[in-house]
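Tertiary structure, described
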Amino acid sequence: MGQEAGRTWTTEEVRVCSRFLEWLNPEPLNPDPDAADVVISPSDPRKSGILVHSTHLLEPCSSLEDAPITDVLRQVLKTKNYCTLSPSDRYSWPAVARGHNTVIISHNAEQPLSYLAPLLSHIQLNSIFTSLTYSLGPIAVLLCPGWERAQVVYDLLEESKVSKTLRPVISVLGTGKNEAKAVKIPKNCLLLVTTPFTLVRLLSCHCFLFLRMCHLILDEAEEIFALGSDQMETVLKHFQKVTCSDENVFCPKQLVVVARRWTSHLESLIGNHMPSPYTIISVPEEAALYGNVQQVILMTVESSKMAALLGVLDFNPVVGQKSLIVTNSAQEVEEVFKAVSNKSAFCLKTHEGLTHQFDFVMEQWRKDIGSGTQVILVTTNDCLKCLSIRDATCLIHYGFPTSPKVFGSRLFCMAENFRNLCEGVCSQDQTGHNSQVCRSVLLLSEKNASHVVGVLRYLKRTNALLPPELLAFAQGVQVAREDQKMDRPLCSYLKSFGFCRDSSVCPDRHQFHSQLDQSVLPSSGVIEVVPLFIKSASVFSGRMVRKDDKCFNLMASGMASYYADKKPGATELLEGCLYAVQEDDVFHRVKILSIPKCGDCLFFAVLVDFIDVGKEEEVKSHQILQLPEQFQSLPGQAIEMVICRVKPADAEKDWHPKVTRAISQKIRGLQHQSRVVLSLGNTVFLDCMVRLTKVPGMKTLINEYNVQSEILNTGMAVSNPDHLNLLRALCEGDLVNKDTENTSRLEEDSVSVQVKIKTDRAADDTPVSTPDPLLSLKAPTNHFTVQTPSLSVCESASRQKDISTSELVQSTFTDGGQSSGAGAWQPRLVSVPQGHYISLPFSSSARDGEECCTSDTAVSLHLLENGLPEDPHHNNTKHVFDHNKDDNSNSTISFHPQVVWHQTLDSVILTVKLMNPECQLWDFYPDRVVYSGRVNGQIYRADLQLHQKIAADLCHLEMKSHEPVLKLVKQQQGYWEQLVTTKNIFVRYNMEYIDEDEDKVLNDTVFLEETGENNWYVNSGSGSESD
């Protein structure tokens, strides 16, 4: 008894001495906002700025030594320097280690170790011995929002020395049909790390492997529900079904949710799937969202701010209220107190000059109040931190909070009245009084302009009604911030996918800059490229191959010859100068970007830029060679290439390494033919990139593969139809920066931006330029590139050229394959100045605003004036009009129909694959045939330049099987090697047609052969030259 009294006296003496020292050296009134997280109050977590809601409280752990984890895991944490527990760790670890359903909202949630240690301890010490033994499969499933996070968690599991007992496995599957079926999960696997999308695919094929799943962990839960809410609904239904079965009645059931932000999905999760949850929220502003604090925003001018404040206060409430009015200065406290005192019978005030009254004010504030009573306290933001008020019912922000963190610390003054989503109410919550709806009133004036955006981002996550003026002002502030980034490079994520993952934190530019984005690269047409460095699955850097340009090849061979005899090392390294570096047997030109301060070090690394490859890399200083001047005159050849209209599947933020590795192995160092649709700065955007291979012994080129198709075939990618539209809108200045909350995630429901070309644009604004002849692909000398306003980026007056009536402009893929059906390219006629029409490739789904690329098709760009160019040989024109429809000649948009042809000795028969066309029009020329018609309100038009002459007067059209058939009579009998002069992807030979005369000859056992002009046997039905 004496010893106990002595210990009590010693404890009291220490407390008194501590209070005395605190009085001699008081803490400043403006402590660090994070300092509160260091102090832990076991009796009331709210004093530490932590909200804990549960049906029963657990004693928090004070340090790593008394944490409820195994000794092995404790040693692992020490090895990783995880020695100090965060406030959320101290309250959440006991709950997780005891198997409770737990919700953790904390900034520390980004570290998986903050929940893995107690979870693994519970599984090892309890779940392994109580789970079903007659069933196979994992007992715990850990879900991550993406493959990258899953890999981080899996690596930590491998390092935590639990592999021997839990046998963790990571599984990330694509969208392939049979990929999930082929997966084999080891029988001894007890812990599976995966994503919601992958788990749903596994459940569809291997649901019997998840019959003893009793632990479900959601890592970064706010991202999981934002990206895959439908998948999570399926997963939760399965988890509930398994845990509620009779076989698992004695097995532990635990759902652990870890997040950095509170979302509405978590509310339904707690209500439907988490009985008796243990909720720990260490972020005050997130606790206010959880507590359902009602937010009210009032906009007023600074001169009327006091009147707005008095209009908000309810001086005769039905239920007793405690209202806090927070200001930013002592002077404002006095002004507000004077105005409110004239209206209220009971008003208190505190500020830095009245610290001696703190005890009296808090004594008055803590007194019980009855109905109809209104207690008002006016204080400053700095004093509020020292008062530790947690029972306010109304908070009025007379002084605007400077950040969301300050805003959250103010809101936490109402913590005792926050909504409690637990089944029961713990002793720490709302004892002795009824729960009230908390209200926060924010007064906005013109003085708060610099802080609006940060707080507004938080308010958008609530159900508050935001004034339109406030939204417009915030949008203007966001645009102004973007304008300050004009010296930054264009966001790489924006270029790759059409949108930025989070423009509010991205340091790069998200607006088009006419000077920085001006490009000398082609913005349309077909080019040859060689990808040399694979940055990601859809972004490469490499070299553009220019025909008849031998400068680079001569330089490369010259460097190889020069360094074959000697390899002189660099005598002096200077930033910005050119040198050479050898990789394998190839010598590259490099430019030094930065040189570290190495002092007298003999060996050090230098960051260089491979100017002909497009990569930045550190190389050893002794590997840098001196570059002769004759090799420095040629500019850097590296360009950036972006494959359009593909993006990672399952709303992933980045490409899976498996996809990037597969594409790199397939295309690196090989020459490809690509169709350019846009160029920005040193970047070209490719809508189709194919590898062409020549058939041995023939002139035919075939498409070996299409890079877009190869990316999609990995199963880790999906189509991104809005990519080009978003980029074009960006270039035209129509893309307004969207709210960062909508652009921070890779959601499938991204808004499609329709791109329109204005027909009333002045003629001088339409750049029509002559292309580099080195970029033409087997085109006649009178061919040149057309740049439309929606595609052109680099406008140069010197390159503009008028288009004459008789000129035909086209850029063609060389392709030996056939294309037909809905996936084939179809052109779109877009009205441009001076009565010209530019036929752009569009798919059959273009009506829905989508474009698609077909790997086995060729692409043609045709420029016509006034619809049909005049032809002196035009001597046969036929028209069929439908008086119920408008004349199709007035239409500015049309599609090219599919045309199937076959021939006899004296004629060529064309079948236009249109069912019951209306408003038909056909024109026959000696070397040309034109047909147009309307189907389902859509105009289709074909203009074919024939390979040989026809007798136009003898040609005619007839309907067969509801399809138009054009019979062309040849001027000279014989078989044509091909129908049209140039490759046309919409024309193919009818392989099903059998010539009756040919059958008769074959039945008479006579073999008829014909040699071409090169004495080669030519099959008239060959698909290689038929069209």
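This text goes with the structure placed above it.
Note that this is a predicted model, so its numbers are computed, not measured.

For the rest of this paragraph, the subject is the overall build of the chain. Assigned secondary structure in the chain consists of 26 helices and 39 strands. Looking at the chain residue by residue over its 1027 residues, the buried ones come to 53%. For the chain, long-range pairs separated by at least 24 residues make up 73% of all intrachain contacts whose partners lie at least 6 apart in sequence. In the structure as shown, the chain presents an accessible area of about 48,500 Å², 51% of it carried by carbon and sulfur atoms.

Take S114: it is sitting in helix 4 (residues 113-130). A relative accessible area of 6% means that S114 is categorised as buried. One polar contact links the side chain of S114 to the main-chain carbonyl oxygen of Q111, over a distance of 2.7 Å. Excluding residues that lie within four positions of it along the chain, S114 makes contacts with Y82, D89, W93, N108 and A109.

What follows deals with the packing of aromatic side chains. Each pair of aromatic rings is reported with the distance of its centres and the angle of its planes. With the rule as written, the count across this model stands at 12 aromatic pairs. Seen from their ring centres, W262 and Y290 are 5.1 Å apart, and the 90 degrees between their planes marks the pair as edge-to-face. Taken as a pair, W262 in the loop between strand 7 (254-259) and helix 11 (264-273) and Y290 in helix 12 (residues 284-290) lie far apart in primary sequence, 28 residues in all. Just as W262 is buried, Y290 falls in that class too. When the centroid spacing of 4.9 Å and the interplanar angle of 65 degrees are considered together, the rings of Y493 and F497 count as edge-to-face. Remark: F497 and Y493 occur in helix 20 (residues 492-497); sequence separation between them is four residues, near one turn of the helix. The pair Y493 / F497 is uniform in exposure class, with both members buried. One aromatic cluster is present, formed by Y493, F497, F499 and W655 through successive ring pairs.

Our focus in this paragraph is the packing of helix 10 (residues 229-243) against helix 11. Close contact between helix 10 and helix 11 brings their axes to 12 Å; oriented N to C, the two are set at 15 degrees. In terms of orientation, helix 10 lies roughly parallel with respect to helix 11. The crossing of helix 10 and helix 11 is right-handed. Facing helix 10, whose interface residues are S229, L236 and Q240, helix 11 presents H265, L269, N272 and H273.

As a further point, take the nonpolar core. L218 and F418 are the most contacted members of the largest nonpolar core, which has 76 residues in total. No other element matches the five residues that helix 18 (residues 452-459) contributes to this core. Mapped onto the domain boundaries, this core takes at least three residues apiece from domain 1 (43-282) and domain 2 (303-422 + 436-443). Not counting the four nearest positions on each side in its chain, L218 is found in contact with L143, I224, F225, M232, V256, V257, V258 and L269. In terms of nonpolar packing, the next biggest core, distinct from the first, is built from 46 residues, V642, C644, V646 and I667 among them.

All right, on to the environment of Q637 then. When you line up the elements, Q637 lands in the loop between strand 21 (624-625) and strand 22 (638-643). Given the relative accessible area of 18%, Q637 is considered buried. Along the chain, Q637 and V613 lie 24 residues apart, while their C-alpha atoms are 7.3 Å from each other. Q637 has contacts with G542, R543, M544, F552, I611 and D612, leaving out every residue within four places of it along the chain.

In this section: the side chain of H656. Position of H656 relative to the elements: it lies in the loop between strand 23 (646-648) and helix 22 (657-667). We classify H656 as buried; its relative accessible area is 18%. There is a polar contact of 3.0 Å between the side chain of H656 and the backbone nitrogen of K658. Excluding anything up to four places from it in sequence, H656 contacts W147, V172 and M716.

Here S388, not a glycine, exhibits a phi torsion of approximately 55 degrees, which is positive. Within the secondary structure, S388 is located in the loop between helix 16 (381-387) and strand 13 (394-397). With a phi angle near 65 degrees, H962 is a residue other than glycine that sits in the positive phi range. Topologically, H962 is positioned in the loop between strand 37 (956-960) and strand 38 (963-969).

Once that is clear, we can look at the sheet that holds strand 7. Read across the sheet, eight strands follow the order 1-8-2-7-6-3-5-4 without closing on themselves; strand pairing throughout is mixed. What marks the edges here is a single partner per strand, and that holds for strand 1 (51-53) and strand 4 (169-171). Each neighbouring strand pair of the sheet contributes to a mean axis angle of 10 degrees, computed without reference to strand direction. With three bridges connecting them, strand 1 and strand 8 (residues 278-281) associate as antiparallel partners.

In contact at an axis separation of 9 Å, helix 8 (residues 196-206) and helix 10 are set at 55 degrees when each is read in the N-to-C sense. By the angle between their directions, the pair helix 8 and helix 10 is classed as oblique. Here the hand of the crossing between helix 8 and helix 10 comes out left-handed. Across from P196, F197, L199, V200 and L203 in helix 8, the residues of helix 10 making contact are Q231, M232, T234, V235 and H238.

Here the focus is the sheet that holds strand 18 (residues 586-594). Spatial strand order, 20-19-18-17-21: five strands in an open sheet with antiparallel pairing. Every interior strand has two partners, whereas the edge strands, strand 20 (615-620) and strand 21, have only one. The pairing of strand 19 (residues 605-610) with strand 20 spans six bridges and is antiparallel. For L607, the partnering residue across the bridge sits in strand 20 and is E618. Contacting strand 17 (578-583), strand 18 and strand 21, helix 21 (residues 551-565) crosses the sheet at an angle of about 95 degrees to strand 18.

Further remarks concern helix 2 (residues 71-79). For helix 2, every residue scored as buried is listed here: L73, R74, V76 and L77. One side of helix 2 carries all its buried residues, which in axial view fall inside an arc of 160 degrees. Exposed residues pointing more than 90 degrees away from the buried face of helix 2 are listed as D71 and T79. N81 occupies a position one or two residues after helix 2 and carries a positive phi of about 60 degrees.

Looking now at the pattern of salt bridges. Should the charged atoms of two oppositely charged side chains come close, the side chains can pair. Per the counting criterion, the structure on display carries 32 salt bridges. The shortest N-O distance in the salt bridge between E159 and K80 comes to 2.3 Å. Taken as a pair, E159 in helix 5 (residues 147-159) and K80 in the loop between helix 2 and helix 3 (87-97) lie far apart in primary sequence, 79 residues in all. For K80, a relative accessible area of 33% corresponds to the partly exposed category. In this structure, D927 and K949 form a salt bridge, with 3.9 Å as the shortest nitrogen-oxygen distance. In this pair, D927 sits in the loop between strand 34 (918-925) and strand 35 (928-935) while K949 sits in the loop between strand 36 (938-945) and strand 37, placing the two residues 22 residues apart along the sequence. Where salt bridges share partners, they join E110, R149, D219, E220, E222 and R260 into one cluster.

The next subject is the pairing of strand 26 (residues 701-706). Where strand 25 (residues 683-694) lies against strand 26, five bridges are found, and the strand directions are antiparallel. Residue pairing for strand 26: T693 is matched across the bridge by I702. Hairpin connection between strand 25 and strand 26: a loop of six residues separates the two successive antiparallel strands, and G697 in this loop has a positive phi of roughly 80 degrees.

Time to look at the environment of V378. Here V378 is to be found in strand 12 (residues 374-380). Since its relative accessible area comes to 0%, V378 is described here as buried. In the structure, V378 is positioned 44 residues away from E334 in sequence and 8.5 Å away in space, judged by C-alpha atoms. In contact with V378, not counting residues within four places along its chain, are I325, T327, V333, V336, F337, C347, L348, K349 and T350.

The subject of this paragraph is helix 8. Count 3.6 residues to each turn of an α-helix, and residues three or four apart come out pointing the same way. For helix 8, a buried count of eight out of 11 residues is recorded, marking the element as mostly surrounded by other parts of the structure. Residues of helix 8 that are buried include every one of P196, F197, T198, L199, R201, L202, L203 and H206, and no others. Looking at the buried side of helix 8, the elements it contacts are strand 3 (140-143), strand 4, helix 7 (179-182), strand 5 (191-194), helix 9 (221-227) and helix 10.

The subject of this paragraph is the pairing of strand 19. The pairing of strand 18 with strand 19 spans four bridges and is antiparallel. Following the sheet pairing, V590 is matched in strand 19 by F610.

Counting across every chain of the model gives zero disulfides. C438 provides the cysteine sulfur closest to C394, a residue in no disulfide bond, and the two sulfurs are 9.4 Å apart. On the basis of relative accessible area, C394 is assigned to the buried category, the value being 3%.

Criteria and cut-off values
- Residues numbered from 1 in each chain as written.
- Predicted model: local features only at pLDDT ≥ 70, side-chain atom pairs only at ≥ 80, totals over all residues.
- Heavy atoms only, no water.
- Helix = DSSP H or I, 4+ residues; strand = E, 2+ residues; numbered from the N terminus.
- Buried < 20%, exposed > 50% of the residue type's maximum accessible area, 1.4 Å probe, protein only.
- Contact = heavy atoms within 4.5 Å.
- Areas by Shrake-Rupley, 256 points an atom, 1.4 Å probe, with all protein chains shown as cover.
- Polar contact = N/O pair within 3.5 Å; in protein donor to acceptor, adjacent residues only side chain to side chain.
- Phe/Tyr/Trp six-rings, centres within 6.5 Å; stacked < 30°, edge-to-face > 60°.
- Axes fitted to C-alpha atoms, helices over the stretch in contact; angles between N-to-C directions.
- Parallel < 35°, antiparallel > 145°, perpendicular 65-115°, else oblique.
- Left-handed = near helix turned anticlockwise from the far one by under 90°.
- Core = buried A, V, L, I, M, F, W, Y, C linked by side-chain atoms within 4.5 Å.
- Domains from an automatic or database assignment.
- Pairing = 2+ DSSP bridges.
- Arc of directions from axis to C-beta.
- Salt bridge = Lys/Arg side-chain N within 4 Å of Asp/Glu carboxyl O.
- Disulfide = S-S within 2.5 Å.

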